[in-house]
Amino acid sequence: MHHKSIDISQTLVQIFNEISKPIGLHEPSMGQREQELVEECLKSNWVSYLGKFVNQFEENLIDYTGISYASLMVSGTAALHMALIVLDIKPEEEVLVPALTFVATANSVKYCSAVPHFVDSNESTLGLDPEKLDKYLSEITELKNGFCYNKYTKRKIHSLIVMHTFGHASDIDALLEVCRKYSIFLIEDTAESLGSFYKGKHTGNFGDISIFSFNGNKIITTGGGGVLMSNKKEYAEKAKFLSTTAKKPHAWEFDHSEVGYNYRMPNINAAIGCAQMEKLSTFLESKRNLADFYKKLFQDNKDYWFFQEPRHSKSNYWLNAIILNDELEPYRDEILNSVISEKIGIRPAWKLISDLEIYKDTPRMDLSQSIRLQRKIINLPSSVGLYEKITRGTI
Ligand SMILES: *Cc1c(COP(=O)(O)O)cnc(C)c1O
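Summarised in this report is the structure supplied together with it. (Residues numbered from 1 in each chain as written. Predicted model: local features only at pLDDT ≥ 70, side-chain atom pairs only at ≥ 80, totals over all residues. Heavy atoms only, no water.)

## Topic: the overall build of the protein chain
From N to C terminus, the protein chain includes 12 helices and 16 strands. Projected onto its principal axes, the C-alpha positions of the protein chain cover 70 × 60 × 35 Å. Taking all 395 residues of the protein chain together, the buried fraction comes to 55%. Taking the contacts inside the protein chain whose residues are at least 6 apart along the sequence as the reference set, 71% of them involve residues at least 24 apart. Surface exposure of the protein chain reaches about 17300 Å², of which carbon and sulfur atoms provide 50%. Here the protein chain contributes 45 positive and 50 negative side-chain charges, whose respective centroids are spaced 1 Å apart. (Helix = DSSP H or I, 4+ residues; strand = E, 2+ residues; numbered from the N terminus. Buried < 20%, exposed > 50% of the residue type's maximum accessible area, 1.4 Å probe, protein only. Contact = heavy atoms within 4.5 Å. Areas by Shrake-Rupley, 256 points an atom, 1.4 Å probe, with all protein chains shown as cover. Lys, Arg positive; Asp, Glu negative; His and termini not counted. Charge placed at Lys NZ, Arg CZ, Asp CG, Glu CD.)

## Re the pairing of strand E11 (residues 226-230)
Judged by how many residues are buried, E11 sits mostly within the fold: five of five residues are covered. Going residue by residue along E11, you find Gly226, Leu228 and Ser230 tucked away on one face and Val227 and Met229 tucked away on the opposite face as well. Here strand E1 (residues 69-73) pairs with E11 via five bridges, running antiparallel. Following the sheet pairing, Leu72 is matched in E11 by Val227. In the sheet, strand E10 (residues 209-213) pairs with E11 via four bridges, with the strands oriented antiparallel. Its bridge partner lying in E11, Phe212 is registered against Val227. (Pairing = 2+ DSSP bridges.)

## Some points on the packing of helix H1 (residues 3-15) against helix H9 (residues 267-298)
Each packed pair of helices is defined by two parameters, the angle between the axes and the distance between the axes. Between H1 and H9, whose axes approach to 13 Å, the crossing angle comes to 140°. The chirality of how H1 crosses H9 is right-handed. Where H1 abuts H9, its residues Thr11, Leu12 and Ile15 lie against Phe293, Tyr294, Leu297 and Phe298. Among the residues forming the contact of H1 with H9, the class breakdown is six nonpolar, one polar and no charged. (Axes fitted to C-alpha atoms, helices over the stretch in contact; angles between N-to-C directions. Left-handed = near helix turned anticlockwise from the far one by under 90°. Nonpolar A, V, L, I, M, F, W, Y, C, P; charged D, E, K, R; others polar.)

## Examining the packing of aromatic side chains
For the coordinates displayed, the defined rule picks out 14 aromatic pairs. Note on Phe118 and Tyr359: the rings are 5.9 Å apart at their centroids and 75° apart in plane angle, and the pair reads as edge-to-face. Of this pair, Phe118 sits in strand E3 (residues 115-119) while Tyr359 sits in the loop between strand E15 (347-348) and helix H11 (368-376), and the two are 241 residues apart along the sequence. On the basis of relative accessible area, Phe118 is assigned to the buried category, the value being 0%. Look at Tyr294 and Phe298: their rings are 5.9 Å apart centre to centre, the planes differ by 10°, and that puts the pair in the stacked class. Of this pair, Tyr294 and Phe298 both sit in helix H9, four residues apart, which is roughly one turn of the helix. Take Tyr294: its relative accessible area is 0%, and that puts it in the buried class. Residue class for Phe298 comes out buried when judged on its relative accessible area of 2%. Here a set of aromatic residues connected by ring pairs shows up, and it is made of Phe293, Tyr294, Phe298, Tyr304, Phe306, Tyr317 and Tyr387. (Phe/Tyr/Trp six-rings, centres within 6.5 Å; stacked < 30°, edge-to-face > 60°.)

See the structure below:
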């Protein structure tokens, strides 16, 4: 092992010396309140996709984010799929997707028989690079009848999916500008950014549609779940309709006007969501304290740097990350192996989606910044309540 990778590993292990192992990367935080509301839900017998918790959870999300409409789904992935359907995507159209994201972002495009087209991210936000994207689109696209076409593949470019990586807002104003210029939809994959703001507005307010995830590893969880949100009523309503098998409202008749989906979140999960929403501000405080703690601990280090919220934004610090410098990059896996063997949940960023075998034949721009970033990122344990454990405080 390189002596510096030994140093880093030791530093990371020492932080958690006093805490019982294993320590997960991001663990759920469940309590009495979740039990109470689930019990209330079970007693009411409204356990499926209708009921008061589904409605209340949607209201809570609307109040908190300031996004006007919400439609709960069984997962963030289902919400992404639904977003593309609501925006009327057609087979063979292209969707611009970051290479540095979770696989679901690209999978949702494939579900529609459309084509993910991978674009590059930058080091200042870990999200898409608007200047590079603009330059690229100016080279490869042409506008015809108000729509954007890839000159080389002849396919229509339908939309751009922006992802707010680890809860840090992407450069959304500039990206929105690019989408307007090329006349394409903007979808925000806000799966990781509940509680993150850009220029004072909650993430997810900027795109045509945004989606959040409540999977077990996200900042709040319903076990599994997601939501499609939009400031446009028609999008959220269409999503609700299509996610409940496109059944026409009627007292007793089964009439379905389209091939719909069974994607609606059950009331039981929504009950957990309502309890988690009550705690969101406490969760965010705990996560910010942890981020401050890491930041101070690592600030004099020259071998890596702690990723902090980009300018103009306030991050939820869903996953904390250090970024290795060039010298240490080759030793990332040594560090991972050494620290993980101590049952401490650090992780690399996702393998680039563009490198997955299943996506090897998809179009892409130069991805040099994503490639570099992917090799250097290490995510640190980031659970709610971890800071309090380290400092023996209480939450
Ligand atoms: C978690 C996540 C999703 C998928 O959400 P699920 O609820 O797990 O389906 C999509 N995109 C990103 C970036 C995510 O982190």
